[in-house]
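Observations on chain architecture
Below, each chain spelled out in residue letters.
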Amino acid sequence: MRIDVVTIFPDYLAPLGLSLPGKAQERGLVDLRTHDLREHTHDRHRTVDDTPSGGGAGMVMRPEPWGEALDAILASPPEPAVRPRLIVPTPSGHPFRQADAHRLAAEPWLVMACGRYEGIDQRVVDWAAERMPVEEISLGDFVLNGGEVAALAVIEAVIRLLPGFMGNPESLAEESHGGDGLLEYPVYTKPASWRGHDVPDVLLSGDHGRIAAWRREQAERRTAERRPDLLADEPGSGD
Ligand code: ADE
């Protein structure tokens, strides 16, 4: 899979060189390329923003550097005739869920456009949508300073699903937001007793049936308490 990220802060993406994502890059599972939007400015101050049309607070990212940056990326597809899916993180986007991570993990090529300030001129998205699939996505109901941290999160959520990424793919099966739509049950390890807190007896019983039933009950209890919306049988809840 190829992932191109356009940002005014390429260093924000540096953590993807670490740990498992770093190994995935070394092993060629993912070809991650970051691009500095300011390389596509032509004035002395390398300006990427301007005042909002219609007035108001803050600044908006001008469309021209984005157009040039996207043109340059589109000119070097991973394979001839492959089109990317453009992902634009924004607090006004569609909620990003685990099902979306699975969907994006099946794509050959993602381009992530990281906006700053009050966002990117809407014409960039409208122009791109005439040429490629575009998704504006939100990590949640809170506001970050820019799309970079959201892009990091989305990229990590996606590439850990790539075949061959996980040493033990079974660990994907039981995690939160997996197939059963429940949050994960609490987990414990050794020692059996620590600072007056014990590992629940059932987990030391060796009775796999009882352990499975206990975990299921804990997962249901946790989900009911923390995320009742996942239990409501509504479209868009969970996977
Ligand atoms: N950019 C700023 N805030 C964001 C959020 N909550 N999700 C995705 N992108 C963002």
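Cut-offs and rules
- Residues numbered from 1 in each chain as written.
- Predicted model: local features only at pLDDT ≥ 70, side-chain atom pairs only at ≥ 80, totals over all residues.
- Heavy atoms only, no water.
- UniProt positions renumbered as here; feature names shortened; annotations may be inferred.
- Helix = DSSP H or I, 4+ residues; strand = E, 2+ residues; numbered from the N terminus.
- Contact = heavy atoms within 4.5 Å.
- Pairing = 2+ DSSP bridges.
- Axes fitted to C-alpha atoms, helices over the stretch in contact; angles between N-to-C directions.

Named according to an unreviewed UniProt entry, the chain is tRNA (guanine-N(1)-)-methyltransferase originating from Mumia flava. Database annotation for the chain, UniProt heading Subcellular location (unreviewed entry): "Cytoplasm".

Mapping Thr 223 onto the fold places it in helix 7 (residues 208-226). For Thr 223, the residues in contact, after removing those within four places along its chain, are Gly 181, Leu 182, Leu 183, Pro 228, Leu 230 and Leu 231.

The next point concerns the sheet that holds strand 1 (residues 2-7). What holds strands together in a sheet is hydrogen bonding between their backbones, with the strands either parallel or antiparallel. Strand order in the open sheet made by the five strands is 2-1-6-5-7, with parallel pairing throughout. Every other strand in the sheet has two partners, leaving strand 2 (31-36) and strand 7 (134-138) as the edge strands with one partner each. Direction aside, neighbouring strands of the sheet carry axes that sit 30 degrees apart on average. Relative to strand 6 (residues 109-113), strand 5 (residues 85-95) runs parallel, the two being bridged by three bridges.

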